[in-house]
Amino acid sequence: MKNSMNLEFSSISQNESFARVTVAAFVSQLDPTMEELTEIKTVVSEAVTNAIIHGYHERPDGKIYISCSLDDGEMELMIQDHGEGIADIEEAREPLYTSKPELERSGMGFTIMENFMDKVDVISSPEEGTTVRLIKHLSTNKAYCN
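Please read these numbers as outputs of a predicted model, since none were measured by experiment.

## Points about the pattern of salt bridges
- Scanning the model with the defined rule gives seven salt bridges in all.
- For Glu39, the salt bridge identified is with Lys136, shortest N-O distance 2.8 Å. Taken together, the residues Glu39 in helix α2 (residues 34-55) and Lys136 in strand β5 (residues 129-137) connect sequence positions 97 residues apart. For the residue pair Glu39 and Lys136, the accessibility class agrees, reading buried in each case.
- The salt bridge partner of Arg133 is Glu76, with a shortest N-O separation of 2.7 Å.

Here's what the structure looks like:
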C-alpha cells in the first residue's frame, strides 16, 4: 500500500527543522533503523537549506514544497522551490562547490545527499527553480501502521 504526504512552507531557516522532523515522523511508520532516519533527516536539512540560501537567497517570501511517498519499503522524497534555479547542475554537484563562498558554505550538500540516498536526481532551470528527487530503499519491509 502506497502512502504519501505533502508539505508547503515559507523559505525561512526556522522551517528547516520543521521539515526534517515532519519527514522523519512520516517515514517512522516503516520502522527504519536509527541510521536510516538520521540520513533522511540530514538530506532533508541539506535540500531545504539549499532552497533557502541558494534558491531564494534567504528571502522569506518563497515557498518550499516537499512530497514524500512510501511504497513497499522505498521512500521517495521530492523537495522543490521556485527560486533562482541552477545554471550548471553538474558543477553544483561537485564536492566543495558553492555559489555562496562568502557565507563560508561547505559545498557538500549534494555530496551528502548522494552518499545517504540510493538515487538523487536534480532538475533545475534558471529563474524557474529546482526539484531534488531522492530515493532510499529502507532495510525494513514492515507493513504500514494502521
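## Re unusual backbone geometry
- A positive phi is found at Asp31, a non-glycine position, where the angle reads about 55°.
- When you line up the elements, Asp31 lands in the loop between α1 (14-27) and α2.
- The exposure class assigned to Asp31 is partly exposed, which follows from its relative accessible area of 42%.
- You will see that Glu58, though not glycine, has its phi angle at about 65°, which is positive.
- Along the chain, the position of Glu58 falls in the loop between α2 and β2 (63-71).

Conventions used here
Residues numbered from 1 in each chain as written. Predicted model: local features only at pLDDT ≥ 70, side-chain atom pairs only at ≥ 80, totals over all residues. Heavy atoms only, no water. Salt bridge = Lys/Arg side-chain N within 4 Å of Asp/Glu carboxyl O. Helix = DSSP H or I, 4+ residues; strand = E, 2+ residues; numbered from the N terminus. Buried < 20%, exposed > 50% of the residue type's maximum accessible area, 1.4 Å probe, protein only.

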